[in-house]
Amino acid sequence: MTNYKNLKQTIIAAAEHYERHATHMQHRMDRATEGSNFQRELRDSYEYNKGRAKAMREVFEYLEEFIG
């Protein structure tokens, strides 16, 4: 059971990491010149990291649902 607990903690830590990174990218995006290539790259990074965080949360939910 310890490995399962470690797995769940690792998944939550990964989700939190991607959420923090997305927030950082959002702050940088807000300061970038409107419509610039740099702003678009930051937006892509923001959306990518939000998606990764969501995926990690979904994996955690599946583990909880199917394994407990």
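Residues numbered from 1 in each chain as written. Predicted model: local features only at pLDDT ≥ 70, side-chain atom pairs only at ≥ 80, totals over all residues. Heavy atoms only, no water.

Novice: When you look at the overall build of the chain in this model, what are you seeing that I'm missing?
Specialist: The number of helices and strands found in the chain is two helices and zero strands. Scaling as 2.2 N^0.38, a compact globule of 68 residues should have a C-alpha radius of gyration of about 11 Å, whereas the chain reaches 15 Å, well beyond that. Projected onto the principal axes, the alpha-carbon positions of the chain cover approximately 50 × 15 × 10 Å. Across the 68 residues that make up the chain, the buried fraction comes to 25%. Restricting the contact set of the chain to residue pairs at least 6 apart, pairs at least 24 apart contribute 70%. Summed over all atoms, the accessible surface of the chain reaches about 5100 Å², with 52% contributed by carbon and sulfur. (Helix = DSSP H or I, 4+ residues; strand = E, 2+ residues; numbered from the N terminus. Rg over C-alpha atoms; globule rule 2.2 N^0.38 Å. Buried < 20%, exposed > 50% of the residue type's maximum accessible area, 1.4 Å probe, protein only. Contact = heavy atoms within 4.5 Å. Areas by Shrake-Rupley, 256 points an atom, 1.4 Å probe, with all protein chains shown as cover.)

Novice: Just to check I follow, could you spell out the nonpolar core for this structure?
Specialist: Generally speaking, a soluble globular protein has its nonpolar side chains buried in company with each other. In this structure, A22, M25, M29, A32, L42 and Y46 together form the largest nonpolar core, which totals six residues. For this core, the elements supplying multiple residues, two or more each, are α1 (2-31) and α2 (37-66). With three residues, the top contributor of residues to this core is α1. Setting aside anything within four residues of it in sequence, one finds L42 in contact with M25, R28, M29 and A32. (Core = buried A, V, L, I, M, F, W, Y, C linked by side-chain atoms within 4.5 Å.)

Novice: Sorry, what's going on with the side chain of S36 here?
Specialist: With respect to the secondary-structure elements, S36 resides in the loop between α1 and α2. Polar side-chain contacts of S36 include one of 2.8 Å to the backbone oxygen of T33. At 3.1 Å, the side chain of S36 forms a polar contact with the backbone nitrogen of Q39. (Polar contact = N/O pair within 3.5 Å; in protein donor to acceptor, adjacent residues only side chain to side chain.)

Novice: Would you mind showing me how to read the packing of aromatic side chains here?
Specialist: Pairs of aromatic rings are described using the distance from one ring centre to the other and the angle between the two planes. This structure, assessed with the given rule, holds one aromatic pair. Ring centres of Y62 and F66 lie 6.4 Å apart, and the angle between their planes is 35°; this geometry places the pair in the tilted category. Here Y62 and its partner F66 are both found in helix α2, four residues apart, which amounts to about one turn of the helix. Accessibility expressed as a relative area gives 64% for F66, which makes it exposed. (Phe/Tyr/Trp six-rings, centres within 6.5 Å; stacked < 30°, edge-to-face > 60°.)

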